[in-house]
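# Examining the three-dimensional arrangement
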Amino acid sequence: MHPAERVLLGPGPSPVPQRVLRALAAPTLGHLDPQYLAIMDEVCELLRQVFRTRNALTFPVSGTGMAGMECAAVNLVEPGDEVIIGVNGVFGTRMKDVMERCGAVVHALEAPWGETFSAAQVAAAFAAHPRARLLGIVHAETSTGAHQPLEGLAAIARAHDALLLVDAVTSLGGHELRVDDWEIDAIYSGTQKCLSCPPGLSPVSFGPRALARMDARKTKVQSWYLDVSMLRKYYSGGGGGRVYHHTAPINMTYALHEALAIVLEEGLEARIARHAAMHQRLRRGLEALGLNYIPSRSLHTLNCIRIPEGADDAGVRRRLLDEYGIEIGAGLGPMAGKAWRIGLMGHGATLRNVDLVLAALGNCLGRSAAST
Ligand SMILES: *Cc1c(COP(=O)(O)O)cnc(C)c1O
C-alpha cells in the first residue's frame, strides 16, 4: 500500500498537513483514560472557538459529515413534525431525505441548482407552512458551489418558534460563520473539508433552544448510536461522571485536536481572508482562461465552473490526476458532465496550488490566459 501524494483540490477531502498526520500516529489511549478525556475536552473547547459559540453541547460525532446531518435530524425531529428544508443541490436533497426518514413532513423550499435563497423566500415558506418547527439550510452547497447567506434567517425561524439547522460542512474554517451571533440553533460540519483533517468526525453544536426541543420529545430517538441524550453523558459528563456509550475514535480525536490548533494558530479571521484571496486569484485565472462560474454567489472554498464546449470532462480530470497528481471534482446530479468543482479548502488554499491548477488546466484544455 503506497498511496500517492495528491494535490487534493476537489470537493473534499482536502490536503492534510504533516502535523495532523503525525498526531494520528500518537499512542492510542483508552477512551475513558483521564488523559484522553482531557484531550477530548480540549477538542470541544477548540470547536466552540471555531464555531464561535458558547454552546456547552459542542462535540465531534463519530462518523463523517453525513453522521452529523443524521444526528441533528434524528434528535430534533419527531414523526409528524413539519419542517422546511432548502433544496438547491445534493446536500439539501439529502437533508430532505434524512428528515423524511425521521418521519418529518418536509416542505421543500426549492431553488435552481447554483442559486441561493433570499430571506423573503424563507419568510414566504413559513407563511405558507406556519406550523413548521424547523428550517434546515445548507450554508455551503458543495455540489453547486453556491454560498447561502444566513444572516436574518434565525429571526424568521424564531418568529415561528422554529429551530434553525445549518449544514456547515464546507464552510467551517473557510468562511465567516458565527453560530451565536447568527442565532443558529443546531449545526454540523466535517473534518475533511476546510479543517484539513482526514474524514471521520463530524463536529456538531446544539444551542439551548435545540436542547429544549430534545428534552421535550415524546418519542425516543430512533437511532441508538446518534442519540444525543446518551452521547452528552460521555461528551459533557465531566468530573468522573462519564458514561461509556461507544468507543470514541481516539486517534482521529488527536488529529482533529491538531487540525483545530492549526486553524486557531493562523487565526479565524486570517484564515477566512486567505480563502477569500485564493478564491479571487483562482477566479481571475479561470476567467482569463475563458472559464465561467456557475453560481452567482460563489463559495470561496468550492469553485464550480462550467465545462467549456468541446472539452472532454472525464479525460481532462484524468489527465490532471495522472500527469499532475491533481484531483478536482466532477459535476453531480443535473450538473454531471457540465461542471468541474475546484476546492480550495484549508491547507489546500495556497497560492502554489492555485497557480498550479490554473497552469495544469490551461495545458489540458490547450488554452493559455494570453491566448483568450
Ligand atoms: C461533504 C458534505 C457533506 C457530507 O459529508 P461526508 O463527510 O461526505 O459524510 C454534507 N454536506 C455538505 C455540504 C458537504 O459538502
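Residues numbered from 1 in each chain as written. Predicted model: local features only at pLDDT ≥ 70, side-chain atom pairs only at ≥ 80, totals over all residues. Heavy atoms only, no water.

### Description of the overall build of the chain
- Secondary structure assignment for the chain yields twelve helices and 14 strands.
- Computed over its C-alpha atoms, the radius of gyration of the chain comes to 21 Å, within 12% of the 21 Å expected for a compact globule of 372 residues.
- Along the first, second and third principal axes, the C-alpha atoms of the chain reach 65 × 55 × 35 Å.
- Relative to its 372 residues, the chain shows a buried fraction of 58%.
- On the chain, roughly 15,000 Å² of surface is accessible, and the fraction owed to carbon and sulfur atoms is 54%. (Helix = DSSP H or I, 4+ residues; strand = E, 2+ residues; numbered from the N terminus. Rg over C-alpha atoms; globule rule 2.2 N^0.38 Å. Buried < 20%, exposed > 50% of the residue type's maximum accessible area, 1.4 Å probe, protein only. Areas by Shrake-Rupley, 256 points an atom, 1.4 Å probe, with all protein chains shown as cover.)

### Examining the domain arrangement of the chain
- For the chain, the assigned domains read domain 1 (7–11 + 267–371) and domain 2 (18–264).
- Each of domain 1 and domain 2 has a C-alpha centre, and the two are 28 Å apart.
- Contacts between the two partners involve 25 residues from domain 1, matched on the other side by 30 residues from domain 2.
- One can count two salt bridges joining domain 1 with domain 2. (Domains from an automatic or database assignment. Contact = heavy atoms within 4.5 Å. Salt bridge = Lys/Arg side-chain N within 4 Å of Asp/Glu carboxyl O.)

### Section: the sheet that holds strand β11 (residues 302–306)
- Spatial ordering of the open sheet is given by β11-β14-β13, a layout of three strands whose pairing is antiparallel. This sheet does not close on itself; its edge strands, each paired only once, are β11 and β13 (329–330). (Pairing = 2+ DSSP bridges.)

### Comments concerning the packing of helix α10 (residues 268–288) against helix α12 (residues 351–365)
- At a minimum axis distance of 10 Å, the contact between α10 and α12 shows a crossing angle of 15 degrees. Taken together, the axes of α10 and α12 are roughly parallel relative to one another. Relative to α12, the crossing made by α10 is right-handed. Where α10 abuts α12, its residues Met278, Arg281, Leu282, Gly285 and Leu286 lie against Leu351, Val354, Asp355, Val357, Leu358 and Leu361.
- Tallied by class, the residues present in the contact of α10 with α12 amount to eight nonpolar, one polar and two charged. (Axes fitted to C-alpha atoms, helices over the stretch in contact; angles between N-to-C directions. Parallel < 35°, antiparallel > 145°, perpendicular 65-115°, else oblique. Left-handed = near helix turned anticlockwise from the far one by under 90°. Nonpolar A, V, L, I, M, F, W, Y, C, P; charged D, E, K, R; others polar.)

### Here we look at the site of the ligand
- As a structural note, the neighbourhood of the ligand is formed by Thr64, Gly65, Met66, Phe91, Val138, Ala140, Thr142, Asp167, Val169, Thr170, Gln192 and Lys193.
- Between the ligand and the protein, one listed contact pairs an oxygen atom with a side-chain N or O atom of Thr142 at 2.3 Å.
- For the ligand, an oxygen atom lies 2.7 Å from a polar atom in the side chain of Gln192.
- Within the shell around the ligand, the residues separate by chemical class into five nonpolar, five polar and two charged. (Near = heavy atom within 4 Å. Polar contact = N/O pair within 3.5 Å; in protein donor to acceptor, adjacent residues only side chain to side chain.)

### Concerning the environment of Trp182
- For Trp182, the position within the fold is in the loop between β8 (163–167) and β9 (186–188).
- Note on Trp182: relative accessible area 12%, which makes it buried.
- Once the C-alpha coordinates of Trp182 and Gly152 are considered, the two residues, 30 residues apart in sequence, prove to be 7.5 Å apart.

### A closer look at the pairing of strand β14 (residues 339–343)
- Taking burial as the measure, the five residues of β14 include five buried ones, the bulk of the element.
- Burial along β14 is two-sided: the face carrying Ala339, Arg341 and Gly343 and the face carrying Trp340 and Ile342 are both buried.
- Pairing of β11 with β14 involves five bridges; the strand directions are antiparallel. Paired with Arg306 across the bridge in β14 is Ala339.
- Judged from the two bridges that link them, β13 and β14 form a sheet pairing that is antiparallel. The residue bridging Gly329 from the neighbouring strand is Arg341, located in β14.

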